[in-house]
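# Topology and contacts: notes
The residues making up each chain are set out below.
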Amino acid sequence: GATFLGGALGGAAVTLGGTAARSAADTPRDAAGTAPDHAGRATVPFRGPRQPGVGTTPQGFATLVALDLVRGTDREALIRLMRIWTDDAERLMAGRPGLTDTEPELAAVPARLTVTVGYGPGVFAAADLAGRTPPWLRPLPSFGMDRLEDAWSGGDLLLQVCADDPVAVSHAVRVLVKQARTFAVGRWLQRGFRNSPGTTAPGTTWRNPMGQVDGTGNIDPATEPHLVWHADDTAGWLAGGTSVVVRRIAMDLDGWDEVDRAGRENVIGRRLADGAPLTGNREHDEPDLEATGPNGFGVIDFAAHIRRSRTDDPAERFLRRPYGYDDGPGDTGLLFVSYQADVDRQFVPVQRRLDELDLLNEWTTPVGSAIFAVPPGAGPGEYLGQALLE
Ligand code: HEM
């Protein structure tokens, strides 16, 4: 992994030669620099019973930052930090500069910016609230396929910052991390991408760096909110909250190159062309796990990723909100991000099954793992985490 601020934020300079200059002057711009369709002006509301960035249709770009609390950050200090982050997240998401923003012009293009805050176990210890730690908030069990690196694992605080524009993401991350300086220091930072908005037809499922249509079998948080959030009337501070699992999963793309098309489709159980199950014709056709071919074997392999990750138990489903990452040749993969009401009940059984058997495991290796409780959203006049910290 790369070190925070040193490697991950520094990055190597890459110069591309011969790129035809795009004629920015051809497009009329207003004073804020946004194009006339105002896609950059689109905003997601910050205030509400649930934090944004979970049920929000995934934006094109994401940066996930984990921070560790510095010694002396106690409950009072955490409240101060949460007041600051609440104020800044609200401003930035609305397209306004942060309170002490040193580059205020960069705030003018929010592009559906969302800021989502999570708490690792360390927050509860620091706040002297260990008794309120959700039972599932602890490192995931270790899995046989894991090759976890400290550089990509753990953390006391999480910032998930997403937008349809990477400039907006970068600026918001800078403001929020800078404002936290006296309370917390960076532990890891991971950047992810999907398609830029406008590049595919609305509703198109994105493709991950292995070329697979990824997200077809996902849940819709609007129709099954109970799978994602603790009901708003749940007793305790987590009402309206959720949990997030962040796994950095490396892909062996050179090894994947050696697999032919039929083999690749067999690994997932879906066609590469359109994501349709091998037993169907269209992406959203229900896979038929019973169907057998002429040789008597299942059309969808007994160890295919969709057979192993599917479940008859409706309580074992959760929201996947992954991004691709590409940190250079040989360092590409999936920032697997999932939201669920209960990690132990929903996520762990599925991950266990995949660890036991999944054709995909030959080309994928988890190298980072972190888990956070995601407090409810901030209502009018509230700060993030108030129900826990007050
Ligand atoms: C489905 C790729 C890791 C859980 C899928 C599909 C693809 C895919 C292509 C089929 C399309 C879809 O329904 O989204 C990958 C890749 C991974 C990865 C490339 C790692 C690099 C995981 C992990 C989990 C998981 C770690 C959970 C622990 C699921 C589930 C489905 C799914 C629940 C939907 C199954 C269904 O109900 O049809 N994945 N996946 N995947 N994956 Fe993964």
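Residues numbered from 1 in each chain as written. Predicted model: local features only at pLDDT ≥ 70, side-chain atom pairs only at ≥ 80, totals over all residues. Heavy atoms only, no water.

## A closer look at the overall build of the protein chain
A tally of regular secondary structure across the protein chain gives nine helices and nine strands. A compact globule built from 390 residues would reach a C-alpha radius of gyration of about 21 Å, and the protein chain, at 21 Å, matches this within 12%. Based on the C-alpha atoms only, the size of the protein chain along its principal axes is roughly 65 × 60 × 40 Å. Every one of the 390 residues in the protein chain was classed for burial, and the buried ones make up 50%. Put simply, of all contacts in the protein chain between residues at least 6 apart along the chain, 77% involve residues at least 24 apart. Here the protein chain displays about 18,200 Å² of accessible surface, and carbon together with sulfur accounts for 52% of that area. Each charge class in the protein chain was averaged separately, 38 positive and 51 negative side chains, and the resulting centres sit 3 Å apart. (Helix = DSSP H or I, 4+ residues; strand = E, 2+ residues; numbered from the N terminus. Rg over C-alpha atoms; globule rule 2.2 N^0.38 Å. Buried < 20%, exposed > 50% of the residue type's maximum accessible area, 1.4 Å probe, protein only. Contact = heavy atoms within 4.5 Å. Areas by Shrake-Rupley, 256 points an atom, 1.4 Å probe, with all protein chains shown as cover. Lys, Arg positive; Asp, Glu negative; His and termini not counted. Charge placed at Lys NZ, Arg CZ, Asp CG, Glu CD.)

## Focus: the site of the ligand
Lining the immediate surroundings of the ligand are 25 residues, of which Gly 215, Gly 217, His 305, Arg 310 and Arg 320 lie closest. For the ligand, an oxygen atom lies 3.1 Å from a polar atom in the backbone of Thr 216. Separating an oxygen atom of the ligand from a side-chain N or O atom of Arg 320 is a distance of 2.9 Å. At the level of secondary structure, the elements contributing two or more residues to the shell around the ligand comprise β5 (242-251), α7 (305-309), β8 (332-340) and α8 (343-356). Of the residues contributing to the shell around the ligand, the split by class is twelve nonpolar, nine polar and four charged. (Near = heavy atom within 4 Å. Polar contact = N/O pair within 3.5 Å; in protein donor to acceptor, adjacent residues only side chain to side chain. Nonpolar A, V, L, I, M, F, W, Y, C, P; charged D, E, K, R; others polar.)

## Overview of the nonpolar core
Counting 75 residues, the largest nonpolar core has Met 82, Trp 85, Tyr 119, Leu 157, Leu 159 and Leu 389 as the members making the most contacts within it. Of all hydrophobic cores here, the second largest spans 24 residues; its members include Trp 152, Ile 219, Ala 370 and Val 374. (Core = buried A, V, L, I, M, F, W, Y, C linked by side-chain atoms within 4.5 Å.)

## Focus on the pairing of strand β2 (residues 114-119)
Most of β2 is tucked away: six of the six residues are buried. Of the pairings in the sheet, the one linking β2 to strand β3 (residues 157-163) comprises six bridges and is antiparallel in character. Pairing of Val 117 across the sheet is with Leu 159, part of β3. (Pairing = 2+ DSSP bridges.)

## Regarding helix α4 (residues 166-179)
With 14 residues, α4 extends 20 Å from end C-alpha to end C-alpha; this agrees with the ideal 20 Å at 1.5 Å per step. Turning to α4, its buried residues are Ala 168, Val 169, His 171, Ala 172, Val 173, Val 175, Leu 176, Val 177 and Gln 179. Contacts made by the buried residues of α4 are with β1 (61-69), α2 (75-93), β2, β3 and β4 (184-193). One side-chain oxygen of the residue at the start of α4 lies 3.0 Å from the amide nitrogen of Val 167, identifying that residue as Asp 165. (Expected span 1.5 Å × (residues − 1).)

## Considering the coordination of the iron atom of the ligand
Just one protein ligand coordinates the iron atom of the ligand, and it is His 305 (NE2) at 2.0 Å. Tracing the sequence through the fold places His 305 in helix α7. (Donors = N, O, S within 2.8 Å, 3.2 Å for Na, K, Ca; no water.)

## Some thoughts on helix α6 (residues 261-268)
Along α6, the positions that sit buried rather than exposed are Arg 264, Glu 265, Val 267 and Ile 268. The buried side chains of α6 occupy one side of the element, clustering within an arc of 155° when seen end-on. Residues of α6 that are buried in the fold lie against α5 (253-256) and α7. Of the residues one or two after α6, Gly 269 is the one with positive phi, at around 95°. (Arc of directions from axis to C-beta.)

## Brief notes about the pattern of salt bridges
Scanning the entire structure with this criterion turns up 16 salt bridges. A salt bridge links Glu 103 to Arg 174; its shortest N-O distance comes to 3.2 Å. Note that Glu 103 is positioned in the loop between α2 and β2 and Arg 174 in helix α4, a separation of 71 residues in sequence. When its relative accessible area of 42% is taken as the criterion, Arg 174 is described as partly exposed. Arg 271 is the partner of Asp 274 in a salt bridge, and the nearest nitrogen-oxygen pair spans 3.1 Å. Given a relative accessible area of 28%, Asp 274 falls into the partly exposed group. (Salt bridge = Lys/Arg side-chain N within 4 Å of Asp/Glu carboxyl O.)

## Concerning unusual backbone geometry
Of note in this structure, Ala 111 is not a glycine but carries a positive phi near 50°. Relative to the elements of secondary structure, Ala 111 occurs in the loop between α2 and β2. Phi is positive for Asp 128, which is not a glycine, with a value near 60°.

## Let's talk about a negative patch on the surface
A cluster of acidic residues, Asp 252, Asp 254, Glu 258 and Glu 362, forms a negative patch at the surface. Turning to its location among the elements, Asp 254 is positioned in helix α5. Residue Asp 254 is classed as exposed on the basis of its relative accessible area, which comes to 57%. (Patch = residues over 30% accessible without salt bridge, like charges linked within 9 Å, V, L, I, M, F, W, Y side chains within 5 Å.)

## Some thoughts on the packing of aromatic side chains
Tallying each qualifying case throughout the model produces four aromatic pairs. Ring centres of Phe 318 and Phe 347 lie 5.7 Å apart, and the angle between their planes is 55°; this geometry places the pair in the tilted category. Linking Phe 318 in the loop between α7 and β6 (319-320) with Phe 347 in helix α8, this pair joins segments that are 29 residues apart in sequence. Since its relative accessible area comes to 2%, Phe 347 is described here as buried. With a centroid separation of 6.0 Å and an interplanar angle of 50°, the aromatic rings of Phe 336 and Phe 347 are classed as tilted. Here Phe 336, found in strand β8, pairs with Phe 347, found in helix α8; they are eleven residues apart in sequence, far enough to count as distant. Of the two residues, Phe 336 and Phe 347, both sit in the buried class. Chaining the aromatic ring pairs together yields one cluster made of Phe 318, Phe 336 and Phe 347. In this structure, Arg 50 packs its charged tip against the face of Trp 229, placed 4.4 Å from the ring centre. Directly above the aromatic system of Tyr 325 lies the positively charged group of Arg 248, at a separation of 3.8 Å from the ring centroid. (Phe/Tyr/Trp six-rings, centres within 6.5 Å; stacked < 30°, edge-to-face > 60°. Lys NZ or Arg CZ within 6 Å of the ring centre and 35° of its normal.)

Everything listed is a geometric property; what it means functionally is a separate question.
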